[in-house]
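Chain and residue survey
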Amino acid sequence: MSLPMYKKIQQDLFHMIASGQLRKGDKVPSESELMEQYYVSAITAKNALNALADQGLIVRVRGKGSFVNDSPYSVPRADTSSHVSIGAIFPSLSSPIDQNYIVHLNELCQKKNYRLHICCSLENSELEKDFLNQFSKNGIQGTIVFPVVNERSNSLISRLTERNGQKNPYPLVFIDRYLEDVKCSHVVADNEQGARLAAEYLLNAVGGQTAILHFPLVNSAVIERYQSFRAAFLNAGIPFASQNDCLINDLHLLDQNSENRIEYIMKTILAYLEKHSDLRGIFCANAEIAQIAYYAVIETGRTPGVDFEIVSFDPPYLPGIHFIQQDSSVMVQNALNLLLAQIEGDFSIIHTRIPTSFIYMDIHPTQAQSLRYLIKGPNQPF
(Lines give C-alpha, C1' and ligand atoms only; values in the text may rest on other atoms or scores of the structure.)
Protein backbone atom coordinates (compact mmCIF):
# COMPACT_ATOMS: atom_id res chain seq x y z
CA MET A 1 0.00 0.00 0.00
CA SER A 2 1.49 3.38 -1.03
CA LEU A 3 2.03 6.20 1.42
CA PRO A 4 -0.18 9.31 1.32
CA MET A 5 1.67 12.05 -0.54
CA TYR A 6 2.12 14.26 2.51
CA LYS A 7 3.77 11.30 4.26
CA LYS A 8 6.00 10.71 1.23
CA ILE A 9 7.11 14.36 1.25
CA GLN A 10 7.61 14.24 5.01
CA GLN A 11 9.72 11.10 4.63
CA ASP A 12 11.87 12.59 1.86
CA LEU A 13 12.55 15.76 3.86
CA PHE A 14 13.34 13.68 6.94
CA HIS A 15 15.96 11.75 4.96
CA MET A 16 17.49 15.01 3.72
CA ILE A 17 17.79 16.24 7.30
CA ALA A 18 18.98 12.90 8.68
CA SER A 19 21.61 12.52 5.94
CA GLY A 20 22.94 16.04 6.42
CA GLN A 21 21.84 17.42 3.06
CA LEU A 22 19.80 19.91 5.07
CA ARG A 23 21.59 21.15 8.20
CA LYS A 24 20.67 23.35 11.13
CA GLY A 25 19.48 26.72 9.85
CA ASP A 26 19.09 25.60 6.22
CA LYS A 27 15.91 26.65 4.48
CA VAL A 28 13.50 23.82 3.69
CA PRO A 29 11.68 23.77 0.31
CA SER A 30 8.61 26.01 0.43
CA GLU A 31 5.01 24.88 -0.02
CA SER A 32 5.01 26.15 -3.60
CA GLU A 33 8.29 24.35 -4.37
CA LEU A 34 6.92 21.10 -2.93
CA MET A 35 3.70 21.53 -4.93
CA GLU A 36 5.72 21.87 -8.14
CA GLN A 37 8.13 19.03 -7.36
CA TYR A 38 5.55 16.48 -6.20
CA TYR A 39 2.49 17.64 -8.17
CA VAL A 40 0.41 18.03 -5.02
CA SER A 41 -2.04 20.58 -3.63
CA ALA A 42 -1.14 23.38 -1.23
CA ILE A 43 -2.85 21.62 1.68
CA THR A 44 -0.79 18.44 1.07
CA ALA A 45 2.48 20.40 1.05
CA LYS A 46 1.39 22.33 4.14
CA ASN A 47 0.48 19.13 6.02
CA ALA A 48 3.91 17.64 5.29
CA LEU A 49 5.72 20.69 6.64
CA ASN A 50 3.42 20.95 9.67
CA ALA A 51 4.12 17.30 10.53
CA LEU A 52 7.87 17.96 10.53
CA ALA A 53 7.34 21.07 12.65
CA ASP A 54 5.28 19.03 15.13
CA GLN A 55 8.23 16.64 15.43
CA GLY A 56 10.54 19.55 16.17
CA LEU A 57 12.66 18.95 13.06
CA ILE A 58 11.86 22.27 11.41
CA VAL A 59 10.73 25.73 12.47
CA ARG A 60 8.17 27.61 10.39
CA VAL A 61 8.61 31.39 10.32
CA ARG A 62 5.70 33.40 8.93
CA GLY A 63 6.73 35.37 5.87
CA LYS A 64 10.19 33.80 5.71
CA GLY A 65 9.75 30.06 5.28
CA SER A 66 10.70 26.87 7.08
CA PHE A 67 14.14 26.11 8.51
CA VAL A 68 15.91 23.06 9.93
CA ASN A 69 15.72 23.14 13.74
CA ASP A 70 18.37 22.17 16.27
CA SER A 71 17.63 18.43 16.34
CA PRO A 72 19.58 15.20 16.83
CA TYR A 73 19.71 14.90 13.06
CA SER A 74 21.05 18.36 12.25
CA VAL A 75 24.45 18.37 13.91
CA PRO A 76 26.98 20.61 12.14
CA ARG A 77 29.42 18.91 9.79
CA ALA A 78 32.25 20.00 7.57
CA ASP A 79 31.33 21.16 4.08
CA THR A 80 32.70 18.45 1.80
CA SER A 81 30.87 19.48 -1.39
CA SER A 82 34.10 20.26 -3.25
CA HIS A 83 35.28 16.68 -2.63
CA VAL A 84 32.15 14.88 -3.83
CA SER A 85 32.67 12.84 -7.00
CA ILE A 86 29.54 11.56 -8.75
CA GLY A 87 29.47 8.93 -11.47
CA ALA A 88 26.79 8.52 -14.14
CA ILE A 89 26.44 5.67 -16.63
CA PHE A 90 24.00 6.06 -19.53
CA PRO A 91 23.23 3.57 -22.31
CA SER A 92 23.38 6.28 -24.96
CA LEU A 93 24.46 9.90 -25.33
CA SER A 94 22.41 10.55 -28.47
CA SER A 95 18.74 10.15 -27.53
CA PRO A 96 16.83 13.23 -26.27
CA ILE A 97 15.92 11.56 -22.96
CA ASP A 98 19.57 10.67 -22.22
CA GLN A 99 20.65 14.18 -23.16
CA ASN A 100 18.01 15.73 -20.89
CA TYR A 101 19.18 13.64 -17.95
CA ILE A 102 22.81 14.57 -18.57
CA VAL A 103 22.10 18.29 -18.94
CA HIS A 104 20.08 18.44 -15.70
CA LEU A 105 22.61 16.34 -13.79
CA ASN A 106 25.50 18.48 -15.01
CA GLU A 107 23.69 21.68 -13.99
CA LEU A 108 22.98 20.35 -10.48
CA CYS A 109 26.56 19.15 -9.97
CA GLN A 110 27.97 22.47 -11.17
CA LYS A 111 25.82 24.37 -8.67
CA LYS A 112 27.07 22.16 -5.82
CA ASN A 113 30.67 22.07 -7.08
CA TYR A 114 30.54 18.27 -7.40
CA ARG A 115 32.83 16.47 -9.82
CA LEU A 116 30.76 14.57 -12.42
CA HIS A 117 32.10 11.60 -14.39
CA ILE A 118 29.91 10.37 -17.28
CA CYS A 119 30.34 7.14 -19.25
CA CYS A 120 28.28 5.59 -22.03
CA SER A 121 27.61 1.83 -21.94
CA LEU A 122 26.33 1.69 -25.55
CA GLU A 123 23.56 -0.64 -24.31
CA ASN A 124 26.29 -3.19 -23.51
CA SER A 125 26.04 -4.85 -20.09
CA GLU A 126 29.76 -5.75 -20.06
CA LEU A 127 30.76 -2.13 -20.64
CA GLU A 128 28.33 -1.00 -17.96
CA LYS A 129 29.85 -3.50 -15.53
CA ASP A 130 33.40 -2.36 -16.36
CA PHE A 131 32.59 1.32 -15.85
CA LEU A 132 30.80 0.64 -12.57
CA ASN A 133 33.71 -1.47 -11.34
CA GLN A 134 36.16 1.31 -12.24
CA PHE A 135 34.04 3.94 -10.50
CA SER A 136 33.70 1.93 -7.30
CA LYS A 137 37.46 1.30 -7.14
CA ASN A 138 38.76 4.72 -8.19
CA GLY A 139 37.26 7.12 -5.66
CA ILE A 140 33.90 7.86 -7.30
CA GLN A 141 31.71 8.07 -4.20
CA GLY A 142 28.42 7.07 -5.80
CA THR A 143 26.89 6.41 -9.22
CA ILE A 144 23.58 7.02 -10.98
CA VAL A 145 22.90 4.23 -13.47
CA PHE A 146 20.47 4.16 -16.40
CA PRO A 147 20.58 0.34 -16.87
CA VAL A 148 21.13 -1.17 -20.30
CA VAL A 149 18.07 -2.24 -22.24
CA ASN A 150 18.46 -6.03 -22.07
CA GLU A 151 19.56 -6.27 -18.45
CA ARG A 152 17.59 -8.34 -15.96
CA SER A 153 20.32 -9.06 -13.43
CA ASN A 154 23.91 -8.06 -12.81
CA SER A 155 26.03 -9.85 -10.23
CA LEU A 156 28.35 -6.88 -9.79
CA ILE A 157 25.46 -4.51 -9.06
CA SER A 158 23.97 -7.03 -6.65
CA ARG A 159 27.29 -7.40 -4.87
CA LEU A 160 27.89 -3.64 -4.66
CA THR A 161 24.45 -2.94 -3.23
CA GLU A 162 24.50 -5.68 -0.60
CA ARG A 163 25.79 -5.09 2.92
CA ASN A 164 29.01 -6.93 3.73
CA GLY A 165 29.20 -7.31 7.53
CA GLN A 166 29.26 -3.81 9.00
CA LYS A 167 30.37 -2.19 5.77
CA ASN A 168 27.89 -0.03 3.86
CA PRO A 169 27.14 -0.92 0.23
CA TYR A 170 28.38 1.23 -2.62
CA PRO A 171 26.07 4.24 -3.17
CA LEU A 172 24.02 3.50 -6.28
CA VAL A 173 20.71 4.76 -7.67
CA PHE A 174 18.88 3.63 -10.81
CA ILE A 175 17.17 6.19 -13.01
CA ASP A 176 14.50 5.59 -15.71
CA ARG A 177 14.68 1.78 -15.32
CA TYR A 178 15.32 -0.59 -12.44
CA LEU A 179 16.20 -4.23 -11.81
CA GLU A 180 13.52 -6.25 -10.02
CA ASP A 181 15.96 -8.56 -8.27
CA VAL A 182 18.38 -5.88 -7.02
CA LYS A 183 17.65 -4.07 -3.75
CA CYS A 184 18.49 -0.55 -4.80
CA SER A 185 16.80 2.86 -4.77
CA HIS A 186 15.40 4.00 -8.08
CA VAL A 187 13.67 6.98 -9.66
CA VAL A 188 11.45 6.33 -12.67
CA ALA A 189 8.64 8.00 -14.56
CA ASP A 190 5.17 6.69 -13.77
CA ASN A 191 5.16 4.47 -16.87
CA GLU A 192 1.87 2.80 -15.96
CA GLN A 193 0.08 6.13 -15.63
CA GLY A 194 1.55 7.41 -18.91
CA ALA A 195 0.60 4.31 -20.90
CA ARG A 196 -2.88 4.38 -19.39
CA LEU A 197 -3.34 8.00 -20.47
CA ALA A 198 -2.21 7.09 -23.99
CA ALA A 199 -4.50 4.07 -24.18
CA GLU A 200 -7.52 5.94 -22.87
CA TYR A 201 -7.03 8.69 -25.45
CA LEU A 202 -6.68 6.22 -28.33
CA LEU A 203 -9.58 4.03 -27.22
CA ASN A 204 -11.81 7.09 -27.03
CA ALA A 205 -10.58 8.35 -30.40
CA VAL A 206 -10.51 5.15 -32.51
CA GLY A 207 -11.83 2.35 -30.30
CA GLY A 208 -10.10 -1.02 -30.55
CA GLN A 209 -8.51 -0.14 -33.90
CA THR A 210 -5.26 0.80 -32.17
CA ALA A 211 -2.06 -1.01 -31.21
CA ILE A 212 1.07 -0.67 -29.12
CA LEU A 213 4.44 -0.72 -30.90
CA HIS A 214 7.21 -1.80 -28.56
CA PHE A 215 10.64 -3.39 -28.22
CA PRO A 216 11.06 -6.75 -26.38
CA LEU A 217 9.84 -6.87 -22.77
CA VAL A 218 13.28 -7.05 -21.17
CA ASN A 219 13.39 -3.92 -19.00
CA SER A 220 11.09 -2.36 -16.44
CA ALA A 221 10.04 0.66 -18.51
CA VAL A 222 8.85 -1.33 -21.54
CA ILE A 223 7.19 -3.97 -19.36
CA GLU A 224 5.22 -1.39 -17.35
CA ARG A 225 4.11 0.54 -20.44
CA TYR A 226 3.04 -2.64 -22.25
CA GLN A 227 1.16 -4.13 -19.31
CA SER A 228 -0.64 -0.87 -18.55
CA PHE A 229 -1.69 -0.45 -22.21
CA ARG A 230 -3.14 -3.98 -22.24
CA ALA A 231 -4.89 -3.40 -18.92
CA ALA A 232 -6.63 -0.32 -20.33
CA PHE A 233 -8.24 -2.53 -23.01
CA LEU A 234 -9.51 -4.93 -20.39
CA ASN A 235 -10.82 -2.07 -18.24
CA ALA A 236 -12.70 -0.76 -21.27
CA GLY A 237 -14.16 -4.20 -22.00
CA ILE A 238 -12.31 -4.45 -25.32
CA PRO A 239 -10.43 -7.68 -26.20
CA PHE A 240 -6.67 -7.27 -26.67
CA ALA A 241 -5.79 -9.29 -29.79
CA SER A 242 -2.68 -9.89 -31.90
CA GLN A 243 -3.55 -6.94 -34.11
CA ASN A 244 -3.23 -4.69 -31.06
CA ASP A 245 0.36 -5.78 -30.36
CA CYS A 246 3.37 -5.04 -32.58
CA LEU A 247 6.66 -6.41 -31.23
CA ILE A 248 9.83 -4.97 -32.80
CA ASN A 249 12.50 -7.53 -31.89
CA ASP A 250 15.66 -5.47 -32.35
CA LEU A 251 17.86 -7.11 -29.69
CA HIS A 252 20.08 -8.80 -32.30
CA LEU A 253 20.87 -5.38 -33.83
CA LEU A 254 21.66 -3.29 -30.72
CA ASP A 255 25.43 -3.50 -31.24
CA GLN A 256 25.31 -3.18 -35.02
CA ASN A 257 25.25 -0.28 -37.43
CA SER A 258 22.42 2.09 -36.49
CA GLU A 259 21.27 2.39 -40.11
CA ASN A 260 20.68 -1.36 -40.28
CA ARG A 261 18.65 -1.22 -37.08
CA ILE A 262 16.53 1.72 -38.25
CA GLU A 263 15.87 -0.02 -41.56
CA TYR A 264 14.78 -3.16 -39.68
CA ILE A 265 12.44 -1.19 -37.40
CA MET A 266 10.94 0.61 -40.41
CA LYS A 267 10.32 -2.65 -42.30
CA THR A 268 8.75 -4.27 -39.25
CA ILE A 269 6.37 -1.38 -38.63
CA LEU A 270 5.46 -0.99 -42.29
CA ALA A 271 4.69 -4.70 -42.66
CA TYR A 272 2.55 -4.57 -39.53
CA LEU A 273 0.57 -1.52 -40.73
CA GLU A 274 0.00 -3.08 -44.14
CA LYS A 275 -1.15 -6.35 -42.58
CA HIS A 276 -3.55 -4.53 -40.25
CA SER A 277 -4.79 -1.84 -42.60
CA ASP A 278 -7.88 -1.20 -40.47
CA LEU A 279 -5.79 0.30 -37.65
CA ARG A 280 -6.49 3.97 -37.05
CA GLY A 281 -4.08 4.69 -34.22
CA ILE A 282 -0.91 3.49 -32.48
CA PHE A 283 0.88 4.00 -29.18
CA CYS A 284 4.66 4.00 -29.57
CA ALA A 285 6.39 2.89 -26.37
CA ASN A 286 9.23 5.37 -26.92
CA ALA A 287 10.12 8.35 -29.08
CA GLU A 288 12.51 6.43 -31.34
CA ILE A 289 9.73 4.09 -32.42
CA ALA A 290 7.39 7.06 -32.91
CA GLN A 291 9.85 8.88 -35.17
CA ILE A 292 10.15 5.85 -37.46
CA ALA A 293 6.45 4.91 -37.26
CA TYR A 294 5.54 8.45 -38.35
CA TYR A 295 7.10 7.89 -41.76
CA ALA A 296 5.79 4.33 -41.97
CA VAL A 297 2.24 5.69 -41.55
CA ILE A 298 2.89 8.24 -44.30
CA GLU A 299 4.21 5.43 -46.50
CA THR A 300 0.83 3.69 -46.19
CA GLY A 301 -0.93 6.79 -47.52
CA ARG A 302 -2.34 8.07 -44.24
CA THR A 303 -1.74 11.40 -42.53
CA PRO A 304 -0.55 11.45 -38.88
CA GLY A 305 -2.74 13.79 -36.86
CA VAL A 306 -5.42 13.96 -39.57
CA ASP A 307 -6.75 10.47 -40.34
CA PHE A 308 -4.38 8.47 -38.16
CA GLU A 309 -3.65 8.93 -34.44
CA ILE A 310 -0.15 8.50 -32.99
CA VAL A 311 0.77 8.81 -29.32
CA SER A 312 4.38 8.53 -28.20
CA PHE A 313 6.01 8.04 -24.81
CA ASP A 314 8.31 11.10 -24.79
CA PRO A 315 8.14 13.81 -27.47
CA PRO A 316 9.26 12.75 -30.98
CA TYR A 317 9.20 16.40 -32.18
CA LEU A 318 7.01 15.72 -35.21
CA PRO A 319 3.72 17.45 -36.11
CA GLY A 320 0.47 15.79 -35.14
CA ILE A 321 1.94 13.29 -32.65
CA HIS A 322 0.61 13.52 -29.10
CA PHE A 323 2.98 12.38 -26.40
CA ILE A 324 3.46 11.42 -22.78
CA GLN A 325 5.74 13.91 -21.04
CA GLN A 326 7.99 12.78 -18.20
CA ASP A 327 9.70 15.35 -15.96
CA SER A 328 13.38 14.54 -16.42
CA SER A 329 14.56 17.46 -14.26
CA VAL A 330 12.56 16.25 -11.24
CA MET A 331 13.73 12.68 -11.84
CA VAL A 332 17.39 13.73 -11.87
CA GLN A 333 16.97 15.90 -8.77
CA ASN A 334 15.38 13.00 -6.88
CA ALA A 335 18.06 10.55 -8.03
CA LEU A 336 20.87 12.89 -6.96
CA ASN A 337 19.24 13.50 -3.57
CA LEU A 338 18.99 9.75 -2.95
CA LEU A 339 22.60 9.23 -4.01
CA LEU A 340 23.89 12.00 -1.73
CA ALA A 341 21.92 10.54 1.17
CA GLN A 342 23.68 7.21 0.58
CA ILE A 343 27.06 8.90 0.41
CA GLU A 344 26.27 10.38 3.82
CA GLY A 345 25.40 6.93 5.17
CA ASP A 346 21.60 6.66 4.75
CA PHE A 347 20.98 3.51 2.69
CA SER A 348 17.20 3.47 3.02
CA ILE A 349 15.78 1.91 -0.15
CA ILE A 350 13.35 4.35 -1.72
CA HIS A 351 11.40 3.76 -4.93
CA THR A 352 10.13 7.00 -6.48
CA ARG A 353 7.70 7.38 -9.38
CA ILE A 354 7.42 10.81 -10.98
CA PRO A 355 4.00 11.62 -12.52
CA THR A 356 3.68 12.01 -16.28
CA SER A 357 1.28 14.11 -18.34
CA PHE A 358 -0.51 13.76 -21.69
CA ILE A 359 0.40 16.48 -24.21
CA TYR A 360 -2.11 16.94 -27.03
CA MET A 361 -0.53 18.22 -30.25
CA ASP A 362 -3.09 19.66 -32.63
CA ILE A 363 -1.90 19.74 -36.22
CA HIS A 364 -1.96 23.09 -38.03
CA PRO A 365 -3.79 23.22 -41.40
CA THR A 366 -0.57 24.18 -43.21
CA GLN A 367 1.19 21.18 -41.68
CA ALA A 368 -1.64 18.90 -42.77
CA GLN A 369 -1.42 20.34 -46.29
CA SER A 370 2.33 19.70 -46.37
CA LEU A 371 1.87 16.13 -45.15
CA ARG A 372 -0.77 15.43 -47.81
CA TYR A 373 1.64 16.84 -50.42
CA LEU A 374 4.35 14.53 -49.07
CA ILE A 375 2.03 11.52 -49.22
CA LYS A 376 0.19 12.06 -52.52
CA GLY A 377 2.49 14.33 -54.51
CA PRO A 378 1.84 17.72 -56.16
CA ASN A 379 -0.48 16.48 -58.93
CA GLN A 380 -2.83 14.35 -56.80
CA PRO A 381 -6.12 15.68 -55.43
CA PHE A 382 -6.37 16.08 -51.64
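Note that the structure is a prediction, hence the values are computed from the model and not measured.

1. Considerations on the environment of L217
As for its placement among the helices and strands, L217 is situated in the loop between β9 (210–214) and α8 (220–235). Residue L217 is classed as partly exposed on the basis of its relative accessible area of 31%. When the C-alpha positions of L217 and L247 are compared, they lie 9.1 Å apart, and in sequence the two are 30 residues distant.

2. A word on the pattern of salt bridges
On inspection of all chains with the given rule, the structure shows eight salt bridges. Of the charged contacts in the structure, one is a salt bridge between R261 and D250, with a shortest N-O distance of 2.8 Å. Of this pair, R261 sits in helix α9 (residues 258–275) while D250 sits in the loop between β10 (245–247) and α9; the two residues are eleven residues apart in sequence, bridging distant segments of the chain. Take R261 and D250: they sit in the same class, and that class is buried. When the shortest N-O distance is used, the salt bridge between E288 and R261 registers 2.5 Å. Taken together, the residues E288 in helix α10 (residues 287–299) and R261 in helix α9 connect sequence positions 27 residues apart. Three or more residues joined by partner-sharing salt bridges are found here, namely D250, R261 and E288.

3. Notes on the sheet that holds strand β1 (residues 27–28)
Spatial ordering of the open sheet is given by β1-β3-β2, a layout of three strands whose pairing is antiparallel. What marks the edges here is a single partner per strand, and that holds for β1 and β2 (58–61). Two elements, β2 and strand β3 (residues 65–68), share four bridges in a ladder whose sense is antiparallel. Following the sheet pairing, R60 is matched in β3 by S66. Of the strands in this sheet, β1, β2 and β3 are in contact with helix α3 (residues 42–54), which crosses β2 at around 120°.

4. A short note on the packing of helix α7 (residues 191–206) against α8
Remark: α7 packs on α8, axes separated minimally by 8 Å, with the N-to-C direction vectors making an angle of 40°. One way to sum up the angle between α7 and α8 is to call them oblique. The handedness of the crossing between α7 and α8 is right-handed. Where α7 abuts α8, its residues N191, E192, A195, R196, A199, L202 and L203 lie against A221, E224, R225, S228, F229, A232 and F233. Of the residues that constitute the contact of α7 with α8, the class distribution is eight nonpolar, two polar and four charged.

5. A closer look at the nonpolar core
Ranked by size, the top nonpolar core spans 27 residues in total, and within it I86, Y101, L105, I175 and M331 carry the most contacts. For this core, the secondary structure elements donating two or more residues are β4 (85–90), α4 (96–112), β7 (172–175), β8 (185–189) and α11 (328–343). Looking at this core element by element, the count peaks at eight residues for α11. Discounting chain neighbours no more than four positions away, the residues touching I175 are Y101, I144, V145, F146, P147, V187, M331, V332 and A335. Among the nonpolar cores identified, the runner-up in size contains 25 residues, and A211, I269, Y272 and I310 belong to it.

6. Quick notes on the sheet that holds β8
With respect to topology, six strands assemble into an open sheet ordered β5-β4-β6-β7-β8-β14, the strand pairing being parallel. What marks the edges here is a single partner per strand, and that holds for β5 (115–120) and β14 (351–354). Pairwise comparison of adjacent strand axes, ignoring direction, gives a mean angle of 15° for this sheet. Taken together, the four bridges between β8 and β14 define a ladder with parallel strand orientation. Looking across to β14, one finds that V188 is bridged to R353.

7. Focus: the pairing of strand β12 (residues 309–313)
Among the five residues that make up β12, five are buried, leaving the element largely enclosed by the rest of the structure. Of the two faces of β12, the one holding E309, V311 and F313 and the one holding I310 and S312 are both buried throughout. With four bridges joining them, strand β11 (residues 281–284) and β12 adopt parallel strand pairing. Note that in β12 the partner of F283 across the bridge is V311. Relative to strand β13 (residues 321–326), β12 runs parallel, the two sharing four bridges. Bridge assignment links F313 to a residue of β13, and that residue is I324.

Conventions used here
- Residues numbered from 1 in each chain as written.
- Predicted model: local features only at pLDDT ≥ 70, side-chain atom pairs only at ≥ 80, totals over all residues.
- Heavy atoms only, no water.
- Helix = DSSP H or I, 4+ residues; strand = E, 2+ residues; numbered from the N terminus.
- Buried < 20%, exposed > 50% of the residue type's maximum accessible area, 1.4 Å probe, protein only.
- Salt bridge = Lys/Arg side-chain N within 4 Å of Asp/Glu carboxyl O.
- Pairing = 2+ DSSP bridges.
- Contact = heavy atoms within 4.5 Å.
- Axes fitted to C-alpha atoms, helices over the stretch in contact; angles between N-to-C directions.
- Parallel < 35°, antiparallel > 145°, perpendicular 65-115°, else oblique.
- Left-handed = near helix turned anticlockwise from the far one by under 90°.
- Nonpolar A, V, L, I, M, F, W, Y, C, P; charged D, E, K, R; others polar.
- Core = buried A, V, L, I, M, F, W, Y, C linked by side-chain atoms within 4.5 Å.

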